[in-house]
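The lines below spell out each chain.
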Amino acid sequence: MNMIVETKNVTKTFGMNGIAVEAVRGIDLQVREGEFVAIVGPSGSGKSSLLHLIGAMDHPTSGEVFFRERPLSRMNDGARTDLRAREIGFIFQTFNLLPMLNVFENVEVVMRFGGLAKRERIQRTESLLKTVGLAERMRHLPNRLSGGERQRVAVARALANQPALVLADEPTGNLDSTTGTGILELLREICNSRKQTVIMVTHDFRAASYADRVLVLRDGRIRGEAGLKGVTDTHKTLNQLLELELE
Amino acid sequence: MLLDLAWKNIWRRKLRSLLTILGVASAVQLYLMVHGVMGTYTGEINGQVNAFAGRIVIQQQVESGGGKSDLTSSTSSLMEETAEALLATGGIDRAASSALLFVPIARALMPYIPPAVVAVGLEPGHEAAYLGGLKAASGRLTLEEPDEVILGQGAAEYYRSENNGDPVGIRSTIPVGGRTLKVVGILGDAPQLFANAVIMPLPTAQAIFDRPGTVTSVILTVQNTGAVETVKSSIQAGFSGLTVSTQDDMLRSASSILDAMNSFMSIIETSILTVAVIVVMIVVIVSVMEARREIGTLRAVGAARWRIFTMVAGQSIVLSMMGTLVALPIALFFVQWGMSDYLSSVTGVLQVWWQILVTAVGVGLAASILPAWQAVRVDPLESLRYE
Ligand SMILES: Nc1ncnc2c1ncn2[C@@H]1O[C@H](COP(=O)(O)OP(=O)(O)OP(=O)(O)O)[C@@H](O)[C@H]1O
Ligand SMILES: [Mg+2]
């Protein structure tokens, strides 16, 4: 199977007021096309930072990120932008909806970047919003929505261009268990039937159990890893991982 | 394109956008007025010059000698004998040539524009020297009795107040310097030099204004237009101390005046437009500063830099266009009702609609360069930095 994402000894150091924060400290990661990977870890362990590096939004301090074997550091701004528009869908931990656009427009606008024709944009936006249960709220502005509803708009937007890679930062963080399950099943579904790849950050082990593989991140390093595919007792495997996280 | 986002950004800050539009509107309005004045002025001077095709105007030498002869100069003074000798020059059409006396009745509001109302004395039977090519709106363009007068439309308007506010027309009488003159003709549309004229027989004018035996100028019409320069040379050879102006000379002198005026006015116009550009620029810069996180988000979800550019430039152009749209009716109002004597007609302003459009887009584009440059440099990461 081909690798869609590969990182080689990637580090990210933030300098703030002279104090260096090493958020990511040398991560080697390989994700296959069509895989569903969950990254778990305590707050501040560098999960979001890693996801931003993979999503071509941030530049690593050292090391290299490859997207389908192309090193991101070699791409110019236009190519990276195009990658973000067409190949990568990002679900932000902080949602990042555009406040002046309503729910429909928030999803529709990124399809322009993906180069879709108007009629297709309309049709696809409507069906995506139906899928995430927001068909009735299409004309509402984000500031009229609950946290969970905004998160679902963010999910719909990330899926808008049917990207090869979906990067989800805590996509169920604000959702009740029923709606959360719906979103997780949706992510699982796009992996299974459309061969899209999902990398999901979460600190919810129940959410992680939807993945094919779970990585534990701590202090910017990968501390453990377990495949869940074909495992009957996912609970036990996850508990073992949990101990790694707490160790 | 993200032009709908540009529109939404404008709509989001209604009061601010409204104030910007009003600011742009007053600048553009001012610009249009200055432009209109300049247009009227140019048209006026060209109209005058054109009216003198094939004619030669002779005045006493102007002191500065700079060639800026003023056709209606009342300071020029020629003896009647000199005028007669001039009128005897060979190669001229005597019927369409005359000695004239120009005396201002009311001063003009601007320099180089003919007096608001000017008395013109000319030899009866030789009206064509001055009025050749013009048509009457009513009555006749010939003077038969000593107390008859022909009025240009501007002059007729001027005497309205003397006529109990009623329109002055043929058979009306007007008081000029203690005499009562009978209006026998009203000129049709004509350049201001003619529109403002109160035309009467030369002896009458000499008597009223106490200039016995003198005239201010002589206008000769040459029989053969091609011979203008020959006639001019022969006059210059035979007489000294005279300024002899052909249509070409007038054209030269007019364009030197117009050039000076134009460069002065274009400084004013540029300053006005610069104010408009800066107003829009400040507002769009502030709006980009406020929207950095959203611009970062747009970049993060795949908006290319050129799309961000269209959003910012679009916002800037829309503000400038709306300002222009507001300015147009105001400018037209002033042109139509406020300053109709000194500005071209409404159609004059509208004829340059495409110039107005280009100006509006130009102001918007110029204003957007700096903020757009700031906006396209916003990094996707900026979408993550705020909370
Ligand atoms: N722009 C930044 N400047 C300075 N420090 C940063 C920046 N971004 C992240 N960090 C630091 O890097 C570390 C990792 O942050 P990151 O957001 O990746 O953690 P996380 O695992 O996503 O945490 P959480 O589960 O709370 O979202 C933290 O200590 C954070 O303070
Ligand atoms: Mg995070």
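Everything that follows concerns the structure shown earlier in this document.
Things to note about the overall build of chain B
So, step 1. Broken down by element type, chain B carries 13 helices and 12 strands.
So, step 2. Burial statistics for chain B: of 387 residues in total, 50% are counted as buried.
So, step 3. A total accessible area of about 17,500 Å² is found for chain B, and carbon and sulfur atoms account for 60% of it.

Points about the nonpolar core
So, step 1. Of all hydrophobic cores here, the largest spans 155 residues; its most connected members are A:Phe113, A:Leu165, A:Ile199, A:Met200, B:Tyr130, B:Ile199 and B:Leu298.
So, step 2. Broken down by element, the residue count for this core peaks at 16 residues, all from helix H9 (residues 247–290) of chain B.
So, step 3. With sequence-adjacent residues up to four places away left out, B:Tyr130 is seen in contact with B:Arg55, B:Leu100, B:Phe102, B:Val120, B:Leu122, B:Leu193, B:Phe194, B:Ala197, B:Ile199 and B:Ile219.
So, step 4. Residues B:Val183, B:Leu202, B:Ile208 and B:Ile235 belong to the second largest nonpolar core, which totals 38 residues.

Section: the interface of chain A and chain B
So, step 1. The interface of chain A with chain B comprises 20 residues on the first partner and 25 residues on the second.
So, step 2. Roughly 2,100 Å² of surface becomes buried between chain A and chain B when both sides are summed, with 61% attributable to carbon and sulfur atoms.
So, step 3. Across the contact surface, chain A and chain B share four salt bridges.
So, step 4. The partner of B:Lys8 in a salt bridge is A:Glu105, with the nearest N and O atoms 2.6 Å apart.

Let's talk about the coordination of the magnesium ion (ligand 2)
So, step 1. Within the protein, the atoms that donate to the magnesium ion (ligand 2) are A:Ser48 (OG) and A:Gln93 (OE1), at distances of 1.9 to 2.3 Å. Here the residue A:Ser48 occupies a position in helix H1 (residues 47–54), and A:Gln93 occupies one in the loop between strand S6 (88–91) and helix H3 (103–113), the gap between them amounting to 45 residues.

Section: H3(A)
Residues and elements named next belong to chain A.
So, step 1. Burial runs high along H3: 11 of the 11 residues are buried.
So, step 2. Within H3, the full set of buried residues consists of Val103, Phe104, Glu105, Asn106, Val107, Glu108, Val109, Val110, Met111, Arg112 and Phe113.
So, step 3. In this structure Asn102 caps H3, since a side-chain oxygen of it lies 3.1 Å from the backbone nitrogen of Phe104.

Brief notes about unusual backbone geometry
All names here are of chain A.
So, step 1. The phi dihedral of Phe95 falls on the positive side, at around 65 degrees, and the residue is not glycine.
So, step 2. When you line up the elements, Phe95 lands in the loop between S6 and H3.
So, step 3. A positive phi angle is found at Glu170, which is not glycine, with a value near 50 degrees.
So, step 4. Examined against the element boundaries, Glu170 turns out to sit in the loop between strand S7 (165–169) and helix H6 (177–194).
So, step 5. When its relative accessible area of 8% is taken as the criterion, Glu170 is described as buried.

Here we look at the sheet that holds strand S4 (residues 62–67) of chain A
Residue and element names in this part refer to chain A.
So, step 1. Taken together, the four strands give an open sheet; going across it, the order is S2-S1-S4-S5, and neighbouring strands pair in antiparallel fashion. The open sheet is flanked by strand S2 (19–32) and strand S5 (70–71), the only strands paired with a single partner.
So, step 2. Sheet analysis places strand S1 (residues 3–16) next to S4, joined by five bridges and oriented antiparallel. In the strand pairing of S4, Lys8 is matched with Glu64.
So, step 3. Running at roughly 60 degrees to S2, H1 makes contact with S1, S2 and S4 of the sheet.

Side note on the pattern of salt bridges
Residue and element names in this part refer to chain A.
So, step 1. Taken as a whole and judged by the stated rule, the model has 26 salt bridges over all chains.
So, step 2. Its salt-bridge partner being Asp82, residue Arg86 comes within 3.5 Å of it at the nearest N-O pair. Residue Arg86 and its partner Asp82 are both found in helix H2 (residues 77–86); the two are separated by four residues, about one turn of the helix.
So, step 3. Among the residues examined, Arg86 registers a relative accessible area of 40% and is labelled partly exposed.
So, step 4. The closest approach of N and O atoms between Arg137 and Glu149, which form a salt bridge, is 3.0 Å. Here Glu149 lies in helix H5 (residues 147–159) and Arg137 lies in the loop between helix H4 (118–131) and H5, a separation of 12 residues in the sequence.
So, step 5. Relative accessible area serves as the criterion here: at 16%, Glu149 is assigned to the buried category.
So, step 6. Residues joined in a network through salt bridges with shared partners are Arg32, Glu35, Arg213 and Glu225.

Quick look at the pairing of strand S12 (residues 242–245) of chain B
Residues and elements named next belong to chain B.
So, step 1. Residues Leu242 and Val244 point to one face of S12 and Thr243 and Ser245 to the other, with burial holding for every one of them.
So, step 2. Both strand S1 (residues 55–60) and S12 contribute to a ladder of four bridges, which runs antiparallel. Of the residues in S12, the one forming a bridge with Ile58 is Val244.

With respect to the sheet that holds strand S10 (residues 221–227) of chain A
Residues and elements named next belong to chain A.
So, step 1. Pairing is mixed across the open sheet formed by six strands, whose spatial order is S6-S7-S8-S3-S9-S10. Both edges of this open sheet fall to S6 and S10, since each of them pairs with a single strand only. Along the sheet, successive strands turn relative to each other by an average axial angle of 15 degrees, direction set aside.
So, step 2. Together, strand S3 (36–40), S7 and strand S8 (197–201) form the strand contacts of H6, whose direction differs from that of S8 by roughly 150 degrees.

A look at the site of ligand 1
All names here are of chain A.
So, step 1. The environment of ligand 1 is formed by 13 residues, the closest being Ser43, Gly44, Lys47, Ser48 and Ser49.
So, step 2. A distance of 3.2 Å is found between an oxygen atom of ligand 1 and a backbone nitrogen or oxygen belonging to Ser45.
So, step 3. In the environment of ligand 1, an oxygen atom lies 2.9 Å from a nitrogen or oxygen atom belonging to the side chain of Gln93.
So, step 4. Protein coverage of the free-state accessible area of ligand 1, which is 630 Å², stands at 68%.
So, step 5. Those elements giving two or more residues to the shell around ligand 1 turn out to be S1, S2 and H1.
So, step 6. When residues in the shell around ligand 1 are grouped by element, the largest group, three residues, is from H1.
So, step 7. By residue class, the composition of the shell around ligand 1 is five nonpolar, seven polar and one charged.

Some details on the pairing of strand S3 (residues 98–106) of chain B
All names here are of chain B.
So, step 1. Where burial is concerned, most of S3 is hidden: seven out of the nine residues are buried.
So, step 2. Of the strand pairs in this sheet, S3 and strand S11 (residues 217–221) are connected by three bridges, and their pairing is antiparallel. Bridging from a neighbouring strand, Leu100 pairs with Ser217 of S11.
So, step 3. Here S3 pairs with strand S4 (residues 117–122) via six bridges, running antiparallel. Bridging across to S4, Val103 finds its partner in Ala119.

Looking at helix H13 (residues 353–376) of chain B
Residues and elements named next belong to chain B.
So, step 1. Taking 1.5 Å of rise per residue, 24 residues should cover 34 Å, and H13 covers 33 Å from first to last C-alpha, within 8% of that figure.
So, step 2. The largest bend in H13 amounts to roughly 45 degrees and is located at Ile369, with the proline Pro371 lying one to four residues further along.
So, step 3. Residues Ile356, Thr359, Ala360, Val363, Gly364, Ala367, Ser368, Pro371, Ala372, Ala375 and Val376 constitute the buried set of H13.

What counts and what doesn't
Residues numbered from 1 in each chain as written. Chains lettered and ligands numbered in written order. Predicted model: local features only at pLDDT ≥ 70, side-chain atom pairs only at ≥ 80, totals over all residues. Heavy atoms only, no water. Helix = DSSP H or I, 4+ residues; strand = E, 2+ residues; numbered from the N terminus. Buried < 20%, exposed > 50% of the residue type's maximum accessible area, 1.4 Å probe, protein only. Areas by Shrake-Rupley, 256 points an atom, 1.4 Å probe, with all protein chains shown as cover. Core = buried A, V, L, I, M, F, W, Y, C linked by side-chain atoms within 4.5 Å. Contact = heavy atoms within 4.5 Å. Buried area = accessible area lost by both parts, 1.4 Å probe. Salt bridge = Lys/Arg side-chain N within 4 Å of Asp/Glu carboxyl O. Donors = N, O, S within 2.8 Å, 3.2 Å for Na, K, Ca; no water. Polar contact = N/O pair within 3.5 Å; in protein donor to acceptor, adjacent residues only side chain to side chain. Pairing = 2+ DSSP bridges. Axes fitted to C-alpha atoms, helices over the stretch in contact; angles between N-to-C directions. Near = heavy atom within 4 Å. Nonpolar A, V, L, I, M, F, W, Y, C, P; charged D, E, K, R; others polar. Expected span 1.5 Å × (residues − 1). Bend = angle between axes of the 7 residues up to and from the residue.

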